[in-house]
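Remarks on the overall topology
Chain by chain, the residues run as shown.
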Amino acid sequence: MSNEKDVSRRAVLCGLAVLTLGLVPDTAIAATGVKVLANGKVEVTLSGNPALKKVGGVVQFTDGAGQSVALVRTGKSANAYRALNLSCTHEGTNVQKSGSKWVCPNHRAEFAINGDVKVGPARANLVQIPVKVSATKVVVG
Ligand code: FES
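Notes on the structure in this doc start here.

Basis of the calculations
Residues numbered from 1 in each chain as written. Predicted model: local features only at pLDDT ≥ 70, side-chain atom pairs only at ≥ 80, totals over all residues. Core = buried A, V, L, I, M, F, W, Y, C linked by C-beta atoms within 7 Å. Buried ≥ 20, exposed ≤ 12 C-beta atoms within 10 Å, placed from the backbone. Helix = DSSP H or I, 4+ residues; strand = E, 2+ residues; numbered from the N terminus. Contact = placed C-beta atoms within 7 Å. Pairing = 2+ DSSP bridges. Axes fitted to C-alpha atoms, helices over the stretch in contact; angles between N-to-C directions.

1. Remarks on the nonpolar core
With 28 residues, the main nonpolar core has Val 44, Val 69 and Leu 71 as its most contacted residues. Where this core is concerned, the elements lending two or more residues are β2 (42-45), β3 (58-62), β4 (68-73), β5 (81-85), β7 (101-103) and β12 (137-140). When sequence neighbours within four positions are dropped, the list of residues in contact with Val 44 reads Ala 31, Gly 33, Val 34, Asn 49, Val 59, Leu 71, Lys 137, Val 138 and Val 140.

Given below as structure tokens:
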């Protein structure tokens, strides 16, 4: 009986520790309306991704090379988007969204949602991928 009680207490404490440390990544919002073009660039339709309507909104997708990419709305202007390679600039582990930042599960580097490094050991911002924005879509690559 006391073993069950200890396990239960331990499970609760571990759960609290995980939540307190922010170790539970957000569920990534997978982009819809994503098309890999013949030239290898990726087209993301804006109408299919309402998360991008608000500043700080993010959708994620895998590009034609298998790389995890985030498209982030960085401002109110119509062309304020940034595409980020989600490979950590420390040793390459894919970072995960945690609230309004990216956290590397490997050595806990943190990046702002726009990819700027905030906490080491990473020293460089997440790598930006060029974007071309039109009224209906963003082409990444
Ligand atoms: S690989 Fe990301 S912090 Fe080390």
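2. Things to note about unusual backbone geometry
Gly 120 connects to Pro 121 through a cis peptide bond whose omega is 20°. Topologically, Pro 121 is positioned in the loop between β9 (117-119) and β10 (128-129). Despite not being glycine, Arg 108 has its phi angle at roughly 70°, a positive value. Judged by the 15 C-beta atoms lying within 10 Å of it, Arg 108 is partly exposed.

3. Some points on the sheet that holds β10
With antiparallel pairing, four strands are arranged side by side in an open sheet as β3-β4-β5-β10. Looking at the sheet topology across the chains shown, the edges are occupied by β3 and β10. Inspection of the sheet shows β4 paired to β5 by five bridges, in the antiparallel sense. Residue pairing in the sheet places Val 72 in a bridge with Arg 82 of β5.

4. Overview of the environment of Gln 67
Checked against the element boundaries, Gln 67 lands in the loop between β3 and β4. The exposure class assigned to Gln 67 is partly exposed, which follows from the 14 C-beta atoms found within 10 Å. Excluding anything up to four places from it in sequence, Gln 67 contacts Thr 62, Asn 85 and Ser 87.

5. Observations regarding the pairing of β12
Where burial is concerned, the two faces of β12 differ: the one with Val 138 and Val 140 is buried and the one with Lys 137 and Val 139 is not. Where β2 and β12 come together, four bridges link them in antiparallel fashion. What sits directly across from Thr 45, in β12, is Lys 137. Here three bridges tie strand β11 (residues 131-133) to β12, and the two strands are oriented antiparallel to one another. Residue pairing for β12: Val 133 is matched across the bridge by Val 138. Taking the residues that link successive antiparallel strands as the turn, the β11-β12 hairpin has three residues.

6. With respect to the sheet that holds strand β1 (residues 34-36)
Read across the sheet, four strands follow the order β1-β2-β12-β11 without closing on themselves; strand pairing throughout is antiparallel. Pairing within the sheet leaves two strands with one partner each, and these edge strands are β1 and β11. Taken over all neighbouring pairs, the strand axes of this sheet differ in orientation by 20° on average, direction set aside.

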